[in-house]
Amino acid sequence: MLDSVLIANRGEIARRIIRTVRGMGLRAVAVHSEADADLPFVREADDAVLLGPANPAQSYLDIDKVLQAARTTGARAVHPGYGFLAENAAFARAVIDAGLVWIGPDPEAVERMGDKINARNLMEAAGVPVAAGTREPVSDLAQAERAAKEIGYPVMVKASGGGGGIGMGVARDDDSLAKAFEQACRAAARFGGEPAILLERYVERARHVEVQILGLADGTVVALGERDCSVQRRHQKVVEESPSPGVTPELRERMLAAAVRAGEAVSYRGAGTVECLVDADAQDFVFLEMNTRLQVEHPVTELVTGLDLVEHQIRIAAGEVYSVEPRSSGHAIEFRVYAEDPRRFLPGPGKIGVWEEPEGEGVRVDSGYTAGNTVTPFYDPLMAKLCVVGATREEALERGRAAVAAFRVEGPKHNLPFCAELLDHPEFVSGDYDTGLVSRMRKS
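Residues numbered from 1 in each chain as written. Predicted model: local features only at pLDDT ≥ 70, side-chain atom pairs only at ≥ 80, totals over all residues. Heavy atoms only, no water.

Peer 1: Talk me through the sheet that holds strand β8 (residues 197–201); I want residue IDs and the actual numbers.
Peer 2: The three strands are arranged β7-β6-β8 in an open sheet whose pairing can be described as antiparallel. Since the sheet does not close on itself, it has two edges, and those belong to β7 (169–171) and β8, each with one partner. When strand polarity is set aside, the average angle formed by the axes of neighbouring strands in this sheet is 30°. Of the pairings in the sheet, the one linking strand β6 (residues 155–159) to β7 comprises three bridges and is antiparallel in character. In the strand pairing of β7, V155 is matched with A171. Contacting β6 and β8, helix α6 (residues 116–125) crosses the sheet at an angle of about 45° to β8. In this fold helix α7 (residues 141–151) packs onto β6 and β8, with an angle of close to 20° to the strand it touches most, β8. (Pairing = 2+ DSSP bridges. Helix = DSSP H or I, 4+ residues; strand = E, 2+ residues; numbered from the N terminus. Axes fitted to C-alpha atoms, helices over the stretch in contact; angles between N-to-C directions. Contact = heavy atoms within 4.5 Å.)

Peer 1: Hey, could you go over the pairing of strand β1 (residues 4–7) for me, with residue numbers and the actual values?
Peer 2: Strand residues, when the strand is regular, have side chains that alternate between the two faces of the sheet. Here β1 shows two buried faces, one formed by S4 and L6 and the other by V5 and I7. Sheet analysis places β1 next to strand β2 (residues 27–33), joined by four bridges and oriented parallel. Residue L6 lies in a different strand from β2, and its bridge partner there is V29. At this point the chain moves from β1, through helix α1 (residues 11–23), to the parallel β2, and the crossover so formed is right-handed. Bridge count for β1 against strand β4 (residues 77–79) is three bridges, and the pairing is parallel. When the sheet's bridge partners are listed, L6 is paired in β4 with V78. (Buried < 20%, exposed > 50% of the residue type's maximum accessible area, 1.4 Å probe, protein only. Right-handed = clockwise from strand over helix to strand, strands pointing away.)

Peer 1: How would you summarise the pattern of salt bridges if you had to cite specific residues and measurements?
Peer 2: Using the criterion set out here, one finds 47 salt bridges in the structure. Overlapping salt bridges, with partners in common, bring together E210, R227, K237, E240, E275, E297 and R336 in one network. (Salt bridge = Lys/Arg side-chain N within 4 Å of Asp/Glu carboxyl O.)

Peer 1: I'd love a proper account of the packing of helix α4 (residues 89–97) against helix α5 (residues 107–114), names of residues and values included.
Peer 2: Taken N-terminus to C-terminus, the directions of α4 and α5 make an angle of 175°; their axes are 8 Å apart at the nearest point. Our classification of the angle between α4 and α5 gives roughly antiparallel. Contacts from A89, A92, R93 and I96 of α4 reach α5 at P107, E108, V110 and E111. Classifying every residue of the contact of α4 with α5 by side-chain character gives five nonpolar, no polar and three charged. (Parallel < 35°, antiparallel > 145°, perpendicular 65-115°, else oblique. Nonpolar A, V, L, I, M, F, W, Y, C, P; charged D, E, K, R; others polar.)

Peer 1: Please give an account of the side chain of E226 that cites residues and values.
Peer 2: Assignment of secondary structure puts E226 in strand β10 (residues 221–233). Under the relative-accessibility criterion, E226 is labelled buried at 3%. In this structure the side chain of E226 is engaged in a polar contact, spanning 2.8 Å, whose partner is the backbone nitrogen of S244. Polar contacts involving the side chain of E226 include one to the side chain of R252, which spans 2.9 Å. Those residues within four positions of E226 in sequence are excluded, and the remaining contacts are V209, E210, V211, E241, S242, P243, S244, V247, R252 and L256. (Polar contact = N/O pair within 3.5 Å; in protein donor to acceptor, adjacent residues only side chain to side chain.)

In short, shape yes, function no, at least from these values alone.
Put into structure tokens, the structure is as follows:
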């Protein structure tokens, strides 16, 4: 077993990983920027190393500095969390080349699944359903127009190497295609280098449902159930739940089997997520992408399965051979608590004057901040994840209402009022909603 783990991340996910690392009797090493020096994850670690200024390029994204921190502290392994360097194959290789244990899938799997076009072609070859779309990068608008006519409007336009919904847009005709294509190109250039664009058929009433997989050390891939991530603003998730209220048992069985095939196709090891687009009316699904890391919303899977996914990541990376029997009971919901305007969803950083987390049966809070901390404009404005679990979805909803009402945050703007509004919205309460729910709420 490993004796120490460096967490190459910040905020709530660093704090959450530290909790498991120390619970396993291992030494936790944190790295941080100057802007994050006072956050809870820094003082809760056994060791902490200052990387540099607030700018991520000079701190959390600086591979040499992260590896130097591991050498200085004697850390034996590196856990990347999510975001930053988590899906950077070059970082994974650098960690391994430095003689450290990489807590994640093989760099080759990260690379193969990091490009959406390559990933969808690989999945199609493995027998995983994929949407009608382009099989090669679209390099200019004329090519995009030809592809859109072949696929049939409406189409989804997105950067092949993008993530988190950034740069995605829907085109319903040639005019809107030009705007969506330009937007995707800008995002691709900003986040992925080459402006490789992908077009896929757009589903009007779609649900975003993902399957959590674990690739074990003996080569077995198991599916741990699905999460519904359809509550989104600007194609980015806000609320997730497990199991999905919009998936039938028959569809669930097919999705889980396809996710296992996806993992096997790349010899996957560790925790990963196969994201799918579900046609709510046809009760059918297609592959979207695979995230080769821990997801923000992993707690809802932990709450219904009783598994600690971070512990499994560490054990798999350490080469432990064991089996996992997927079991699930109850219903869990996660609310992402952002420092943002609850009406327009624009960041609203600031110093936290009051921070009172809810407690009680079936309530879990993974937070990155506390009273006196400042949410700065340098990073994602996620402050905490409020999770609830109940024996039924109705019980989880009731616990969610009570927990949201009891969560007090003063200082920065926050989206808890939106969470309260959602919990009483007829579509969400019924479970019969899709990715357009938040847009409809804001138009009403």
